Amino acid sequence: MEKHSIVESVLDNLPVAVFAKDATNDFRFVLWNKKQEEVTTIRAEKALGKNDYHLFSQESADYFRSVDKAVIKRGSLMNVPEEIIETKHGREVHLRTIKIPVHDAETGRTLVVGISEDITEHVKSREQLERLNRHLVAANQELQQTQLQLIQAEKLESIGRLAAGVAHEVKNPLALLLLGVDYLAQGIHPDDPNIGRILHQMREAVERADRIVRGLVDFSSQRALTREPTQLARLIDEVLLLVKHELTRSSTKVSVRIEKDLPLVYLDMSKFEQVLINLIINAVHAMEKSESKVLKIRAHSESLEDVVKNQGARKREVFRSGDRVVILEIFDTGHGIAPQDSGRLFDPFFTTKATGVGTGLGLSVARRIVELHGGELSLKNRENESGAVARLILPTKLETGRIRTRPPDPQSEESTPAARKERKEIDTTAEDLTP
Amino acid sequence: MSRKILLIDDEVGFTELLKMNLERTGAYEVRIENDSTKALATVRSFMPDAIILDVVMPGMDGGDVQAQLQSNPLLARIPVVMLTALVDSTELSEGAVAQAGSQLVLPKPVNLPLLLNVLETLLVRA
């Protein structure tokens, strides 16, 4: 077999389209293999001796010519990741093409050799994938929106349940104010030693009522998830104020201990108040028949290596080894979790409470909120003691992408190391919560 | 002779100001008990002529305290005014006060002239 026909045979059986244009003769085609015929639907005998302007549209030919000239100018290989040619049947073919300048010393010609791969099917699959992905993203956004609506609906539910207690808590400072006014209204004697004391108490009462009302307004506000650097101790203080009535009425003792210099956590205050209120109200309900009613809130930080051994695989997906996390635990002395309920606690609409007392959404919503924060919520019975413990693991870093975030404000009081140091370990009881 | 009044309420500021208001009339000697679990012991030692009792308190609520007082024949005779923020303030007519027994429930925030009136009525009757 002659050398010439061997090369031709190889070229015609290649799975890629190969062509060559003579740059020294108006870029006319001098090579056009079988696959090139197939891709362009133009036979070799029609193409050879012609240039792009004879075979393709003006626009396409202009483009091909500009690339060819660039290849010659550069004197090296050029990669065209994607180009489109339109066949005479109107079909669009997507090609990935490599163009190489070749100088033929024998004839003195400069050729542009092209090798094209038909990637039409790839492109179609990719476009379909992109379309699917767009649908998926839209569906996911819709789901997130629905979840936020569900969270808000559940929150309104708990505001309804808290309202009577909050009203009671506001009436107490109002009662004090009225007594102060009554006293002062009877005439003010400059020598009266009570006056200073009364004014001090009245001021405190106004501040307390304001704090309670503001807490409720903040809690009820509806907005997208906005995470800010938060001192967990401050959050717990605010929550205890909102549930104070429930704690007092049930004679629940509260003990809060928070590690000194606990790292800041990135939380949406309002949504996280919802989580803690849910967990505390659940604990209070669980302790209704207990002789000793103690709510213990503990928070400390750990490096993740310390916890990873005892946790499931899911956690290792959420957190990375070496991550610093904050662990918040809420212990109660209630009846604990019945074995048959343990698998269903976080199921929507699952409740052990009487009809009308709970919606059964509290825990499922609480877990969803915690997960939106990149954290974890679990609930189990206490070891060696009766009662249950809710355990929250919260990242101290802000992962990007998923949620709208606000970077820490260096000017803000909470983010200064001094402010963090100020928060020492505190241990308090329900009575101590009265400002 | 001033009458002895015992205030049983966990709200420290409220009891302090109520004490000042009552003592200012010159008619009362007032003692405060902010811990309801100690209420019975304080009643026994102070032996007040009337008790002003809060309803919602940690430990023992006003109902529990009242029940303990009622179970003791000596203490059951002491008139009790219960205060609570749980009920809405409604106008209590003179007639209602006159008709009430040795116990009355008044809403918080408390109307001071009304409270003084109620105390006088109960004390005269006792």
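Use the structure listed above.
Residues numbered from 1 in each chain as written. Chains lettered and ligands numbered in written order. Predicted model: local features only at pLDDT ≥ 70, side-chain atom pairs only at ≥ 80, totals over all residues. Heavy atoms only, no water.

(A) Region of interest: the pattern of salt bridges. Following the criterion strictly, the structure yields 22 salt bridges over all chains and no others. A salt bridge links lysine 19 of chain B to glutamate 23 of chain B; the nearest nitrogen and oxygen atoms lie 3.1 Å apart. Pair noted here: lysine 19 of chain B and glutamate 23 of chain B are both in helix α1 (residues 12-24), with a separation of four residues, about one helical turn. Each of Lys21, Asp52, Asp68 and Lys99 of chain A takes part in a single network of salt bridges with overlapping partners. (Salt bridge = Lys/Arg side-chain N within 4 Å of Asp/Glu carboxyl O. Helix = DSSP H or I, 4+ residues; strand = E, 2+ residues; numbered from the N terminus.)

(B) Quick peek at the interface of chain B and chain A. Contacts between the two partners involve 23 residues from chain B, matched on the other side by 27 residues from chain A. For the pairing of chain B and chain A, the buried interface totals around 2200 Å² over both sides, and the portion due to carbon and sulfur atoms is 61%. Counting across the interface, chain B meets chain A through two salt bridges. Close ionic contact of arginine 208 of chain A with glutamate 11 of chain B constitutes a salt bridge, the shortest N to O distance being 3.0 Å. The leading source of residues in the side of chain B that touches chain A is α1 of chain B, at eight residues. (Contact = heavy atoms within 4.5 Å. Buried area = accessible area lost by both parts, 1.4 Å probe.)

(C) Looking closely at helix α6 (residues 120-185) of chain A. Residue and element names in this part refer to chain A. Along its 66 residues, α6 runs 90 Å from first to last C-alpha, staying within 8% of the 98 Å computed at 1.5 Å per residue. The largest bend in α6 comes to about 45 degrees, at leucine 162. Following α6 by one or two positions, glycine 187 has its phi on the positive side, about 110 degrees. (Expected span 1.5 Å × (residues − 1). Bend = angle between axes of the 7 residues up to and from the residue.)

(D) Broad picture of the sheet that holds strand β1 (residues 3-8) of chain B. Residue and element names in this part refer to chain B. Here five strands make up an open sheet; going across it, the order is β2-β1-β3-β4-β5 and the pairing parallel. Every other strand in the sheet has two partners, leaving β2 (28-33) and β5 (103-107) as the edge strands with one partner each. Put simply, the sheet's adjacent strands are angled 20 degrees from each other on average, direction ignored. Sheet topology note: the β1/strand β3 (residues 50-54) ladder contains four bridges and is parallel. Its bridge partner being in β3, leucine 7 is matched across the sheet by isoleucine 52. (Pairing = 2+ DSSP bridges. Axes fitted to C-alpha atoms, helices over the stretch in contact; angles between N-to-C directions.)

(E) Inspection of the packing of aromatic side chains at higher detail. Applying the stated criterion to the full structure yields four aromatic pairs over all chains. Between phenylalanine 19 of chain A and phenylalanine 29 of chain A the ring centres are 6.0 Å apart and the planes differ by 75 degrees, which places this aromatic pair in the edge-to-face class. Taken together, the residues span a long stretch of sequence, with phenylalanine 19 of chain A in strand β1 (residues 17-22) and phenylalanine 29 of chain A in strand β2 (residues 28-32) at a distance of ten residues. Residue class for phenylalanine 19 of chain A comes out buried when judged on its relative accessible area of 6%. Through pairs of rings, three or more aromatic residues link up here, namely Phe19, Phe29 and Trp32 of chain A. The aromatic ring of phenylalanine 331 of chain A is capped on one face by lysine 296 of chain A, whose charged end is 4.9 Å from the ring centroid. In this structure, arginine 24 of chain B packs its charged tip against the face of tyrosine 183 of chain A, placed 4.1 Å from the ring centre. (Phe/Tyr/Trp six-rings, centres within 6.5 Å; stacked < 30°, edge-to-face > 60°. Buried < 20%, exposed > 50% of the residue type's maximum accessible area, 1.4 Å probe, protein only. Lys NZ or Arg CZ within 6 Å of the ring centre and 35° of its normal.)

So yeah, pure geometry; function would need other evidence.
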